[in-house]
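Read off the chains here:
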Amino acid sequence: MVAKRRRTTKIHWNIGMIIFVVILVYILINVILFLGKKKLTVYKVTEDKITNTLSFTGIAIRDEELLKASQSGYITYYVEEGKRIKKSGTVFTVDKDQKVQDAFVSQVQQLEKNKKVIDDEEIQHKITDYQSVYSDHKFSTVYDLKYDLKNAILNLSEDSMKTVIEAVKQKLGDTSFETQKSTSSGVTQFYSDDFDGKSAKDITSKDFDQSQYRVQRYNTSDKVKKGKVVARINKSEKWQIVIPLEADQYRMLKDKSEVSVRFLQDQTTATATVEVAKKGSSYFGYLKFNDYAVRYINERYLEIDVTLDSYKGLKIPNTSIVKKKFYQVPVKYLTKGDNSAKEQFTVRDTSNKGDVTVEQKSFTIYGRTKDYCYLDPEEVGENVVLQAMDSKDTFLIEKMKTLKGVYCTNQGYADFRPIDILIEKDDYSIIANDTNQGVSRYDFIVLDGTTIKENQIIY
């Protein structure tokens, strides 16, 4: 039996098939390259402002006169807390059995029959304030109102106070109570805390742990102990806030003389002088103010923002920033020759025969400092010698310096523009808006500088 011969089909190539395969391969290669290539995206330059701000919880230290109880007993205040008292004004009395308090109230009532010694309008103001903030969930405010009214009623004029004190002494005796007067004028506060008698320099890192902070507040009729601080007079609008610093924050503030401080409690802004100090392994800042002491008199710990610097300019993404090398040329070789207002360079050329010629040329200046200006190597060329106009000095242009910039796309190609970075923060930078040959507001720049080359055509 004869085996059947297997038939094979041969592919007959022709010029059409070859062209088709070549085109297919070309398309596939370009698709692969396109998918793997970074996309070109442009960014519109805008104006913005970046503030370099540090946040702290600080400790307030004030210029205070501390008043202590001269004996143990029950205290009665004769000025309302938070109000100003004059020098030698009566602040409080302390008696042992509260009989003096009743005697004082009796004498005040007696004076009322003869003349007005209290401010009815102030009493009504206290009640109105209470009604505006009262809540069933904060019933303790009832007791606050009670003490405020009692203090306000006993907020007598100094002449009336002297009359009452003399009457009580005659009735109960000179030793029945102790009177404390203020040795200076200022605003009154009735509390004692861990910082009594401490100066700003006495503050340590442990003092910033608010969970360990202890404060004792006093009201009329409270029992007090001999030698304890029961009142204080804030004598001045000058005060300090002590802040804890990290090592880098210490370095940032070290050369500062003034900073802007924003109080987060009410967004008030004030200017403070600043000093820093290192104590062992700890760093501290001391912010000194000339106002707002009374505004925050009830606060020992204050949340603040410290503004070191504020920068306003053009905002660009950091991904746009590229680098390029430029010739560094001393500015002494710049001139305004040939009656031209435009700055030029005197280029010296020596022929093969040794003949020397000079020519005024204008090169684009991409940046300038006090001592140098920067030129594009592609525009200037190689082995270019400059000559100074006011001397025989010459300079061979060869030294390079790297400048930062971005690619501007306004003209349809990647045009390098130098930038002057004022500050970098997160993913963006603020740059000066007056850089020579730089970018302007609303210019379009390449978002990612690595996706394109200089002078590459975009559209």
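Nothing here was measured: the structure is a model prediction, and the numbers come from that model. Here the residue numbering is sequential within each chain, running from 1 through the sequence in written order. Only residues with pLDDT of at least 70 are given local features in this predicted model, and only at 80 or more are side-chain atom pairs given and counted; all residues enter the totals for whole chains, interfaces and linings. Calculation of side-chain values draws on the structure's entire complement of heavy atoms; hydrogens and water are dropped beforehand.

Peer 1: Would you mind showing me how to read the overall build of the protein chain here?
Peer 2: Looking only at helices and strands, the protein chain features 7 helices and 28 strands. When the 459 residues of the protein chain are sorted by exposure, 39% land in the buried category. A contact between two residues is defined here by any heavy atoms of the two lying within 4.5 Å. The long-range share in the protein chain, meaning contacts at least 24 apart out of those at least 6 apart in sequence, stands at 74%. In DSSP terms, a helix is any run of H or I states spanning at least four residues, a strand is any run of E spanning at least two, and both are numbered starting from the N terminus. To sort residues, take the accessible area from a 1.4 Å probe on protein chains only and compare it with the maximum for the residue type: under 20% means buried, over 50% means exposed, and anything in between is partly exposed.

Peer 1: Sorry if this is basic, but what is going on with the pairing of strand E24 (residues 400-408) here?
Peer 2: Each regular strand displays side chains that alternate between the two surfaces of the sheet. When DSSP finds two or more bridges between two strands, those strands count as paired. Relative to E24, strand E16 (residues 322-330) is paired through 6 bridges, and the arrangement is antiparallel. Bridge pairing in E24 places Lys 325 opposite Thr 402. Note that E24 and strand E25 (residues 415-418) share 4 bridges and pair antiparallel. Each residue of the ladder has a partner; that of Cys 408, found in E25, is Asp 415. Where E24 hands over to E25, the hairpin turn is made up of 6 residues, of which Gly 412 adopts a positive phi near 90°.

Peer 1: Looking at this structure, I do not really get helix H6 (residues 247-254). What am I missing?
Peer 2: Quick reminder: α-helices carry 3.6 residues per turn. Residues three or four places apart thus point the same way. Restricting attention to buried positions, one finds in H6 the residues Gln 249, Tyr 250 and Leu 253. Taken end-on, H6 shows its buried residues confined to a sector of 105°, consistent with a single buried face. Exposed and facing more than 90 degrees away from the buried side of H6 are Arg 251 and Lys 254. Looking at the buried side of H6, the elements it contacts are strand E2 (46-68), strand E11 (229-245), strand E12 (258-263), strand E13 (268-279), strand E14 (282-289) and strand E15 (301-317). The directions considered for the arc are those from the helix axis to the C-beta atoms.

Peer 1: Looking at this structure, I do not really get the layout of surface pockets. What am I missing?
Peer 2: A probe matching the size of a water molecule, rolled over the atoms, marks out where space remains unfilled. The distinction between a cavity and a pocket rests on a 1 Å grid over the protein atoms alone: a 1.4 Å probe fits inside a cavity but cannot get out, while a pocket stays open yet meets protein on both sides within 12 Å along at least five of seven lines, and a residue with an atom within 4 Å of a point counts as lining. Grid points are joined across faces, edges and corners, and a volume is the space filled by probe spheres set on the points. Size it by volume and the second largest pocket reaches roughly 250 Å³. What lines the second largest pocket is a set of 15 residues, among which Gly 367, Arg 368, Ile 419, Asp 420 and Thr 435 lie closest to the centre. When residues of the lining of the second largest pocket are traced back to their parent elements, those giving at least two are strand E20 (365-368) and E24. Basically, the charged four are Asp, Glu, Lys and Arg, the nonpolar ten are Ala, Val, Leu, Ile, Met, Phe, Trp, Tyr, Cys and Pro, and anything else, Gly included, counts as polar. Considered class by class, the residues forming the lining of the second largest pocket number 6 nonpolar, 4 polar and 5 charged.

Peer 1: How do you make sense of the nonpolar core when you look at a structure like this?
Peer 2: Nonpolar side chains in soluble globular proteins generally cluster together in the buried interior. Throughout, nonpolar core names a set of buried Ala, Val, Leu, Ile, Met, Phe, Trp, Tyr and Cys residues whose side chains join them through atoms within 4.5 Å. Residues Trp 239, Ile 241, Val 261, Phe 263, Leu 287, Phe 289 and Ile 304 are the most contacted members of the largest nonpolar core, which totals 24 residues. Counting only elements with at least two residues in this core, the list comes to E2, E11, H6, E12, E13, E14 and E15. Ignoring any residue separated from it by four or fewer positions in sequence, one finds Trp 239 in contact with Ala 60, Ile 61, Arg 62, Phe 263, Leu 287, Lys 288, Phe 289, Asp 291, Tyr 292, Ala 293, Tyr 296 and Leu 302. Ranked by size, the runner-up nonpolar core spans 16 residues in total, among them Val 347, Phe 363, Ile 365 and Val 384.

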